[in-house]
Amino acid sequence: MTSTPTSSTRYVPPLLHATPADTHSPHQFKTNALGVVHTVRAFLPLLRAAPTRKIAVVASEGGNPAFVRKAALGTMAAYGMSKGAALVATTKWAVALAPEHFVVASLSPGLVDTTGTVGPAGDPAAKAALQGLVDTFRRSGFPVKVLTPERSVALLLKAVDGLKPKHNGRFLAPTLEANLGVVRGKIFSLIGPILMAA
């Protein structure tokens, strides 16, 4: 297939063409989706013995169809599909463990710049790709701010501390507070095409 319409072929958007990232699709699915299933299962005996029954799974807005539509994010299909599967797996664990009074939630770390952690000089190509993603979000009306790993972790830890039974099975984006400048001290969740306080 070709990426432009011709009289003899049908148009295929660039998203559907194989890209270098697509060659890692099985690995992404194993890590992002099946990893949630197997990791929770492996640690469940320890989690059941712990005084606090909270499970937080690292999630991504890239796996949320409502966000993908709103942000016009037509790239990173393999990553988004694997993260979407992770959201479903986390929700399944939330339902299965609710009778045991667990709170299982998906938490987004936000858009985090980890490019400086690659080698002594960082990764200029990844930095450029990150900036391209930021530009895409901003064109779609999302005034995102790239977070440092330290800031993202601090926000995630605060969110985990604040998890309550009402958050069970929810997709929470505590870093939206930093990215969108919304009211301090609340956990925010992306539900449908709008942001609502959880």
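Everything numeric in this text was worked out from a predicted model, so none of it was measured. (Residues numbered from 1 in each chain as written. Predicted model: local features only at pLDDT ≥ 70, side-chain atom pairs only at ≥ 80, totals over all residues. Heavy atoms only, no water.)

Enquirer: Explanation requested: the overall build of the chain in the structure shown.
Expert: Helices and strands together make up the secondary structure of the chain, namely six helices and five strands. For the chain, the N- to C-terminal ordering of α and β elements is α-β-α-α-β-α-α-β-α-β-β. In the chain, which comprises 198 residues, the share counted as buried stands at 36%. Surface accessibility of the chain: about 11,400 Å² in total, with carbon and sulfur atoms responsible for 65%. (Helix = DSSP H or I, 4+ residues; strand = E, 2+ residues; numbered from the N terminus. Buried < 20%, exposed > 50% of the residue type's maximum accessible area, 1.4 Å probe, protein only. Areas by Shrake-Rupley, 256 points an atom, 1.4 Å probe, with all protein chains shown as cover.)

Enquirer: Help me out: how do you make sense of the confidence of the model for the chain in this one?
Expert: If pLDDT is low for a region, its predicted coordinates should not be looked at in detail. Averaged over all residues, the pLDDT of the chain equals 78, while 74% of them reach at least 70. Here residues 1–7 is a poorly scored stretch, pLDDT under 50, and it has 13 contacts once near neighbours within four places are set aside; other chains count. Taken as a whole, residues 178–198 scores under 50 in pLDDT and shows 57 contacts with residues more than four places along the chain or in a different chain. (pLDDT = per-residue confidence, 0-100. Contact = heavy atoms within 4.5 Å.)

Enquirer: Is there a simple way to think about the pattern of salt bridges in this case?
Expert: Following the criterion strictly, the structure yields three salt bridges and no others. Taking the shortest distance from any N to any O, the salt bridge between Glu 100 and Arg 48 comes out at 2.8 Å. One end of the pair, Glu 100, is in the loop between α3 (77–97) and β2 (103–107); the other, Arg 48, is in helix α1 (residues 25–49), with 52 residues separating them in the sequence. Note on Arg 48: relative accessible area 38%, which makes it partly exposed. Taking the shortest distance from any N to any O, the salt bridge between Lys 127 and Asp 113 comes out at 2.5 Å. (Salt bridge = Lys/Arg side-chain N within 4 Å of Asp/Glu carboxyl O.)

Enquirer: Would you mind going over the nonpolar core with me for this structure?
Expert: The nonpolar side chains of a soluble globular protein tend to be buried with one another. Membership of the largest hydrophobic core is limited to twelve residues, which are Val 36, Val 40, Leu 44, Ile 55, Val 57, Ala 86, Ala 89, Trp 93, Ala 94, Leu 97, Phe 102 and Val 104. Secondary-structure elements contributing two or more residues to this core are α1, β1 (54–58) and α3. Contacts of Leu 44, omitting those with residues within four sequence positions, involve Trp 93, Leu 97 and Phe 102. In this structure, Leu 73, Leu 133, Phe 142 and Val 144 belong to the second largest nonpolar core, which totals ten residues. (Core = buried A, V, L, I, M, F, W, Y, C linked by side-chain atoms within 4.5 Å.)

Enquirer: Where do I start with helix α5 (residues 149–161) in this structure?
Expert: Because each turn of an α-helix spans 3.6 residues, side chains separated by three or four positions end up pointing in the same direction. When the terminal C-alpha atoms of α5 are compared, their 18 Å separation across 13 residues agrees well with the 18 Å that a helix rising 1.5 Å per residue should span. Turning to α5, its buried residues are Ser 152, Leu 155, Leu 156 and Ala 159. The buried residues of α5 all sit within an arc of 100° when viewed along its axis, so they share a single face. Exposed residues on α5 whose side chains face more than 90 degrees from its buried face are Glu 150, Leu 157 and Asp 161. (Expected span 1.5 Å × (residues − 1). Arc of directions from axis to C-beta.)

Enquirer: I'm lost on unusual backbone geometry in this one. Help?
Expert: When glycine is set aside, most residues are seen to have a negative phi, and most peptide bonds are trans. Despite not being glycine, His 101 has its phi angle at roughly 65°, a positive value. Among the structural elements, His 101 can be located in the loop between α3 and β2. The exposure class of His 101 is exposed, given its relative accessible area of 66%.

Enquirer: How do you make sense of the environment of Gly 141 when you look at a structure like this?
Expert: Inspection of the secondary structure puts Gly 141 in the loop between α4 (124–139) and α5. Sequence separation of Gly 141 and Ala 71 is 70 residues, and the distance between their C-alpha atoms is 7.5 Å.

Enquirer: Sorry, what's going on with the pairing of β2 here?
Expert: If a strand is regular, its side chains alternate between the two faces of the sheet. Within β2, five of the five residues are buried, which leaves the element mostly enclosed by the surrounding structure. Side chains Val 103, Ala 105 and Leu 107 of β2 all project onto a buried face; the interleaved residues Val 104 and Ser 106 project onto the opposite face, where all are buried too. Inspection of the sheet shows β2 paired to strand β3 (residues 171–172) by two bridges, in the parallel sense. Pairing of Leu 107 across the sheet is with Leu 172, part of β3. (Pairing = 2+ DSSP bridges.)

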